[in-house]
Amino acid sequence: MELHAELEAQIDRWRGYVQRRQAISAADIDELEDHLREQIADRQATGLDDEEAFLVAIKRLGNLDAVSREFAREHSERLWKQLALVPEGSDDGGAPPWRELAVVLALAVGAGLAVKAGVAWMDGGAGLARNLGLLVFPFLASYFVWKRRLTVQVAAALLVPFAALAVVLNIYPFAPGGSTEILAVLHAPVVLWLLAGVAYVGGRWRSDGRRMDFARFTGELAIYYTLLALGGAVLIGLTFAVLQIVGADPEPLLAEWILPFAIPGALVVAAWLVEAKQNVVENIAPVLTRVFTPLTIAMLLAILAVLAAAGGLVDIDRNLLILMDAILVLVLCLLLYSISARDSLAPPGLSDALQLALVVTALAVDAVMLTAMLTRIAEFGFSPNKIAALGLNLLLLVHLVRAGWLTVGFLRGQRRFTALERWQTQYLPVYGAWAAIVVVVFPPVFSFA
Amino acid sequence: MRIEKDLVAAAATPLVLGILMDGELYGYAILKRVGELSGGSMQWTDGMLYPLLHRLERLGYVSSSWGTSEAGRRRKHYAITPEGRAVLAERQEQWTVVADALRQVWQTAQRPPAAAEGWA
């Protein structure tokens, strides 16, 4: 049976068209395609040419909407999109379907072993805190290196900064309990996370679209990680309740074995889940951001009111400033996540106006924080903590001002949404650079205090 | 002559099961057999056969297995199960009763003129 290029292309297009129907699975398409090809071959045998045979076969296959509806009636469970952890072997000739699962589990166990070894060698002190990210990162990055088949150059581009970070964090003579050490512990994961992003985007870090994918991935990962943690906590809680009733003491087991393996392992597994389901399940992001944007605005307004009532910015507690920084970072994550979840072609609507309100309230909070910080610096002088906080707040300020400006332009119909998206993704590396400065430059400048 | 849609639908299950009594077949071959048996007057929309086959499979009347066609493509074959055979026997009885009743009614009822001429 001789099939021609144009006919193959037509069948390919038909397949692509059928694939978009949720109720028709890949195996069903194979079955339908077999049918289609038989029908075409029979028509060709009666003297029709490729084009005619294809048209007759398609017509006889029937209205695709009706067929799809019939499939949906028979397989209604498919309308609830299913996440198959081990994909069905529909693509023959490829890797065995369980291979990815095996790789992921091996990496998860590896991350657990690394953390367990770290706990054993570093005695759980500040050394462990500095190195925790370094211990887990290689396993998460390896997954993407494997999954995206990264080139040697990209792998090297990951390895060099990673190694540099590891050296800096371990040879710097940090003063025990000093603030530069705490700053390094807080900022190193940011650098590592952006490196993980480079691995995630398969080395295409210049692409705005891929960077946005990484923002989406980060948000979904947080959700999946939380779900896994909740499930794990319930499981551990129930098991322990039983063990304690029969008189066994499971506490050492939990601290020494279960948590060191479960916490980093779940991160790798969550990354894989996000990756596996990205084309199966609708993202939860649009729903969550719509719920949390108004709530966050309310929270920020409440904070502003309390700060205004408290008066005297100089007296603001240092811990409060740190807390406020955390809140602003969270607001920014929400903003970024909701932008990543939005259909960039949709016209401006209520949720965009709410987003602008969020940006404006966050700016107001940031302005208050900056004033408080500057007065504190004027009053008490510089310290590594103050500079780090000030730097972060200035970065946030620039980010928010420009985001607000672009949102106004979008709401007034002067700009397209992509401008706003591009600003978010282009600004992300700035945070990584700042975090790297805090880790690498701050300790020597402040003599490791 | 085209046969009404409802009638085709009602006959579909016993027809498919009956065809599978001769041995396992794949979808296209089943449709071709239907065409042959009815002299081409029972026409299904080809795509509709598959949801039907899947339903019969879910009910346990047929079982399916993937094989390969002569051209090397994946091809799904269907075979009747013992349960399917039992159902077919039951349907056969029902259809016999219906066909019998119809025959009696048509023998006694007044025939339309066109048909009556043929009998003369």
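Every value quoted in this text rests on a predicted model; they were computed, and no experiment measured them.

A count of helices and strands for chain A gives 16 helices and zero strands. With the C-alpha coordinates aligned to their principal axes, the bounding extent of chain A is approximately 95 × 60 × 50 Å. Within chain A, the proportion of its 449 residues that are buried is 43%. The contacts in chain A between residues at least 6 apart in sequence include a share of 76% that link residues at least 24 apart. Accessible surface computed for chain A: about 22900 Å², of which carbon and sulfur atoms make up 67%.

All names here are of chain B. Taken together, three strands build an open sheet; the order of strands is β1-β3-β2 and the sheet is antiparallel. Each edge of the open sheet carries a strand with a single partner, namely β1 (25-26) and β2 (62-68). Two strands pair when backbone bridges link them, and β1 and strand β3 (residues 74-80) are joined in this way by two bridges, in the antiparallel orientation. Bridging across to β3, Y26 finds its partner in H77.

What follows covers the domain arrangement of chain A. All names here are of chain A. Along its sequence, chain A is organised into domain 1 (5-84), domain 2 (97-273) and domain 3 (279-415). The distance between the C-alpha centroids of domain 2 and domain 3 comes to 27 Å. Counting residues at the interface gives nine residues for domain 2, matched by 11 residues for domain 3. Roughly 910 Å² of surface becomes buried between domain 2 and domain 3 when both sides are summed, with 67% attributable to carbon and sulfur atoms. Where domain 2 touches domain 3, the interface holds zero salt bridges. The interface formed by domain 2 and domain 3 includes two residue pairs in polar contact (both at pLDDT 80 or more). Elements that contribute at least two residues to the side of domain 2 that touches domain 3 include exactly α8 (179-200) and α9 (208-245). When residues of the side of domain 2 that touches domain 3 are assigned to their parent elements, the largest contribution, six residues, is made by α9. Looking at the side of domain 2 that touches domain 3 residue by residue, the classes come out as four nonpolar, three polar and two charged.

What follows is about the interface of chain A and chain B. Facing the 26 residues of chain A at the interface are 23 residues of chain B. At the boundary of chain A with chain B, total buried surface from both sides reaches about 2100 Å², with 50% on carbon and sulfur atoms. On the chain A side of the interface with chain B, the three residues burying the most area are E31(A), H35(A) and E74(A), jointly 30% of the side's total. Our count for the contact surface shared by chain A and chain B stands at seven salt bridges. Residue D30(A) pairs with R74(B) through a salt bridge whose shortest N-O separation is 2.9 Å. The interface formed by chain A and chain B includes 17 residue pairs in polar contact (both at pLDDT 80 or more). Put simply, the parts of the chain that give the side of chain A that touches chain B at least two residues each are α2 (26-45), α3 (50-61) and α4 (64-74) of chain A. Looking at the side of chain A that touches chain B element by element, the count peaks at 12 residues for α2(A).

Our focus in this paragraph is the pairing of β2(B). Residues and elements named next belong to chain B. Pairing of β2 with β3 involves seven bridges; the strand directions are antiparallel. Following the sheet pairing, G67 is matched in β3 by R75. What sits between β2 and β3 in their antiparallel hairpin is a turn of five residues, with G72 showing a positive phi close to 90 degrees.

Residue and element names in this part refer to chain A. Looking at the secondary structure, you find H187 in helix α8. Classification of H187 by relative accessible area gives buried; the value is 14%. Apart from the residues within four sequence positions on either side, H187 is in contact with W434, A435, V438 and V439.

What follows deals with the packing of aromatic side chains. Residues and elements named next belong to chain A. The tally for this structure, following the rule as stated, stands at 19 aromatic pairs over all chains. Plain terms: the ring middles of F144 and F217 are 5.5 Å apart, the flat faces sit at 80 degrees to each other, and that makes the pair edge-to-face. Placement of the pair is F144 in helix α6 (residues 126-148) and F217 in helix α9, with a sequence separation of 73 residues. As far as burial versus exposure is concerned, F144 and F217 are alike and both buried. Grouped by ring-pair contacts, the aromatic residues Y143, F144, W146, W193, Y200, F214 and F217 constitute a single cluster.

So, on to the packing of helix α14 (residues 384-411) of chain A against helix α15 (residues 417-440) of chain A. Residue and element names in this part refer to chain A. Axis separation between α14 and α15 bottoms out at 9 Å; the angle between their running directions is 170 degrees. With respect to each other, α14 and α15 are oriented roughly antiparallel. Along the lines of polarity and charge, the residues of the contact of α14 with α15 split into 17 nonpolar, four polar and one charged.

When pLDDT is averaged across chain A, the result is 85; 92% of the residues are at 70 or more. A low-confidence stretch, residues 89-93 of chain A (pLDDT under 50), is modelled with five contacts involving residues beyond four sequence positions or located in other chains.

Residue and element names in this part refer to chain B. Here helix α1 (residues 5-20) spans 22 Å end to end across 16 residues, near enough to the 22 Å set by a 1.5 Å rise per residue. The set of residues buried in α1 consists of V8, A11, A12, T13, P14, V16, L17, I19 and L20. The inward-facing, buried residues of α1 contact β1, α2 (27-37), α3 (49-59), β2, β3 and α4 (82-108).

This next bit is on the side chain of E100(A). Residues and elements named next belong to chain A. Examined against the element boundaries, E100 turns out to sit in helix α5 (residues 99-122). A distance of 3.0 Å separates polar atoms of two side chains, one belonging to E100 and the other to K147. Ignoring sequence-local partners within four residues, the contact set of E100 consists of Y143, W146, K147 and W272.

Analysis parameters
- Residues numbered from 1 in each chain as written.
- Chains lettered and ligands numbered in written order.
- Predicted model: local features only at pLDDT ≥ 70, side-chain atom pairs only at ≥ 80, totals over all residues.
- Heavy atoms only, no water.
- Helix = DSSP H or I, 4+ residues; strand = E, 2+ residues; numbered from the N terminus.
- Buried < 20%, exposed > 50% of the residue type's maximum accessible area, 1.4 Å probe, protein only.
- Contact = heavy atoms within 4.5 Å.
- Areas by Shrake-Rupley, 256 points an atom, 1.4 Å probe, with all protein chains shown as cover.
- Pairing = 2+ DSSP bridges.
- Domains from an automatic or database assignment.
- Buried area = accessible area lost by both parts, 1.4 Å probe.
- Salt bridge = Lys/Arg side-chain N within 4 Å of Asp/Glu carboxyl O.
- Polar contact = N/O pair within 3.5 Å; in protein donor to acceptor, adjacent residues only side chain to side chain.
- Nonpolar A, V, L, I, M, F, W, Y, C, P; charged D, E, K, R; others polar.
- Phe/Tyr/Trp six-rings, centres within 6.5 Å; stacked < 30°, edge-to-face > 60°.
- Axes fitted to C-alpha atoms, helices over the stretch in contact; angles between N-to-C directions.
- Parallel < 35°, antiparallel > 145°, perpendicular 65-115°, else oblique.
- pLDDT = per-residue confidence, 0-100.
- Expected span 1.5 Å × (residues − 1).

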